[in-house]
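Okay, here's what each chain looks like letter by letter:
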Amino acid sequence: PHFEEEREGWKGYIEWEKYPEKKKQVEKILAGYDFPDPPEFQLVPLPDTNPILTGERFKQYHQATGLGHLVDISWEYVLKEKSPDMIHVLQFPYNGEPPRDRLVETEITNNKDHFVRNHGGIPEIDPDKFFLEITGLVNNPKKLTLADLQNESLFPRQTNVVSLQCSGTRRIEQIHEYPGDGDELINAPWGEGAIGTARWTGVSLKKVIKHCGGLKDGAQHVELLGADTYFKKGKVYNYSVSVPWRKVKVHEVLLAWEMNGEPLPKIHGFPLRAVVFGYIGARSAKWLYEIRGIRDPTEAPVQRKEYLYYTPQVGKQNNLFSNGFSIQDMPVSSAIMSPREKDVIVHEGKIKMRGWAYSGGGHWPIRVEVSGDGGSIWYEVPWDKLTTKYYYAWRLWEMELPVDAEGWLELCVRTWDNALNTQPTFVRSAWNWDLHVTSSCHRIKVYSVN
Ligand code: MTE
Ligand code: MO
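Residues numbered from 1 in each chain as written. Chains lettered and ligands numbered in written order. Predicted model: local features only at pLDDT ≥ 70, side-chain atom pairs only at ≥ 80, totals over all residues. Heavy atoms only, no water.

Honestly, the sheet that holds strand E22 (residues 379-380) in this entry has me stumped. Any pointers?
Hydrogen bonds between backbone groups are what pair the strands of a sheet, and the pairing can be parallel or antiparallel. Strands sit in the order E19-E25-E24-E21-E22 across an open sheet of five strands; the sheet is mixed. Only two strands of the sheet have a single neighbouring strand rather than two, namely strand E19 (344-346) and E22. Judged from the two bridges that link them, strand E21 (residues 365-371) and E22 form a sheet pairing that is antiparallel. Bridge pairing in E22 places Val370 opposite Tyr379. (Pairing = 2+ DSSP bridges. Helix = DSSP H or I, 4+ residues; strand = E, 2+ residues; numbered from the N terminus.)

Would you explain unusual backbone geometry in this entry?
Only a minority of non-glycine residues have a phi that is not negative, and only a minority of peptide bonds are not trans. Put simply, Phe270 and Pro271 share a cis peptide bond, and its omega is 5°. Following the sequence through the fold, Pro271 ends up in the loop between strand E13 (262-263) and strand E14 (273-276). In the segment running from Ser338 into Pro339, the intervening peptide bond is cis, with an omega of 0°. One non-glycine residue, His251, adopts positive backbone phi at about 60°.

Sorry if this is basic, but what is going on with the nonpolar core here?
Among soluble globular proteins, nonpolar side chains are generally buried collectively. Residues Leu205, Leu224 and Ile291 are the most contacted members of the largest nonpolar core, which totals 60 residues. In terms of residues, this core owes the most to one element, strand E10 (residues 221-232), which gives four residues. Aside from chain neighbours lying at most four places away, what touches Ile291 is Leu132, Glu133, Ile134, Thr135, Leu205, Ile209, Val222, Glu223, Leu224 and Leu255. (Core = buried A, V, L, I, M, F, W, Y, C linked by side-chain atoms within 4.5 Å. Buried < 20%, exposed > 50% of the residue type's maximum accessible area, 1.4 Å probe, protein only. Contact = heavy atoms within 4.5 Å.)

Mind showing me how you'd approach the pairing of strand E20 (residues 350-358) here?
Working note: regular strand, side chains alternate between the two faces of the sheet. Pairing of strand E18 (residues 333-338) with E20 involves five bridges; the strand directions are antiparallel. Following the sheet pairing, Ser333 is matched in E20 by Tyr358. Sheet analysis places E20 next to strand E23 (residues 395-402), joined by eight bridges and oriented antiparallel. Looking at E23, one finds that Ile351 is bridged to Leu401.

For this particular structure, what's the right way to read the side chain of Thr201?
Along the chain, the position of Thr201 falls in strand E9 (residues 195-204). Under the relative-accessibility criterion, Thr201 is labelled buried at 8%. Among the polar contacts listed, one links the side chain of Thr201 to the side chain of Thr159, at a separation of 2.9 Å. The contact partners of Thr201, leaving out residues within four places of it in the chain, are Arg157, Gln158, Thr159, Leu254, Leu255, Ala256, Trp257 and Glu258. (Polar contact = N/O pair within 3.5 Å; in protein donor to acceptor, adjacent residues only side chain to side chain.)

How should I be thinking about the sheet that holds strand E3 (residues 95-97) in this particular structure?
Read across the open sheet, the three strands follow the order E2-E3-E4; overall the sheet is antiparallel. Either end of the sheet is taken by a strand with one partner, and the two such strands are strand E2 (87-90) and strand E4 (116-117). Bridge count between E2 and E3: three bridges; the pairing is antiparallel. Counterpart to Ile87 in the pairing with E3 is Glu97.

Even after reading the chapter, I still don't get the site of ligand 1, so can you show me in this structure?
In the vicinity of ligand 1 there are 20 residues, among which Phe115, Asp228, His268, Arg273 and Lys286 approach most closely. In this structure, an oxygen atom belonging to ligand 1 sits 2.7 Å away from a side-chain N or O atom of His268. Here Ser284 contributes a backbone N or O atom positioned 2.9 Å from a nitrogen atom of ligand 1. When isolated, ligand 1 has an accessible area of 530 Å², and the protein chains bury 100% of it. Those elements that place two or more of their residues in the shell around ligand 1 are E4 and E10. (Near = heavy atom within 4 Å. Areas by Shrake-Rupley, 256 points an atom, 1.4 Å probe, with all protein chains shown as cover.)

Below, the structure is given as structure tokens:
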């Protein structure tokens, strides 16, 4: 069921005629390689501007997914819709995060600075021809246009401040420990910026399903399908994930068309996306075009094979999908965004620190602590130095850390949420084969001069 569909007015693929330069570039790349027949993977050159990717291992991240998706139109939208200094984590599929300090300047992230995580290309969808199809185990399947969804006499509007966090956030720390799964397309080497917060406007998915007569008996999950496609092992899939009805029922799944009062940028899912509060970003399907009532979680690879969390004992020899837990709620975590690793800081007894703290599953940070000595002595960040408490969003924090030392310091942060959860002490304690959910205390080394 996940094969790609062509619809009038939709372009999942690049129109090569429009991009003669890219076509040439791709042809040149293809000419240089000796592919098995039919070609499954090609290499894409790295952009030279990439500040964090170096070396052979990271070149492998660019094993792209097939002709037509090899170099797509993403770059155009990166230039149009994102800040010029985004850190490009993967060129294709496009993945990028904003510079660290700017991300914690505002409680609500500017659209231009919101991280981007894609598995394939960016589909171009004509909003006038767009409709959302509600099918599967629902009593009255329906097709709804954007105008239907935006008709307030049919559906009340809902706006929520919600953080989206990719479960790959801070993966680079796990890679440095041990690289684990070699699935480069999935495992982008994120830093601390694969998280962002927006005011999303749309309708609650529950209202839409009720409008379709509700789910049929036995349906316990809802599948969300994106119009983008990606190749895997010779097959073409739609981006597809599912969420349990239990989550939909409490109005924690929003079908959003606005991000901070503006229409969704194309790169973030125009014209319609799901926003699933407190879950990993992966469930918030972009370019949403179909929703299905289903009995069990979807068999689609994003749901069943990716975004699995393995215990640290699972490695190359014994990793089976059935051994992994499907990641849903994000655990409590935090990061120091300023200063940065290896900064030299001249201080007069205090070092100014800033960062974010977040907890998924409807929990929120209640206490943030920082340490200047690798975690022996902790100082609490004062209440008034934490930003607004939202149920589904991060809190930014800042702190003047008392310091009298001179020399190398290990600064770290840990957060407690309202369910009294806190973070594992070291990266090693929570290392896992697929390198997801790096939620250990975030540590950086700086040199202090007083
Ligand atoms: N939806 C579609 N259709 N295709 C995708 O590749 N990536 C998911 C999710 N929704 C994805 C998607 C992942 S893994 C994340 S973390 C979030 O989108 C990122 O949302 P953003 O790019 O708007 O920040
Ligand atoms: Mo993600």
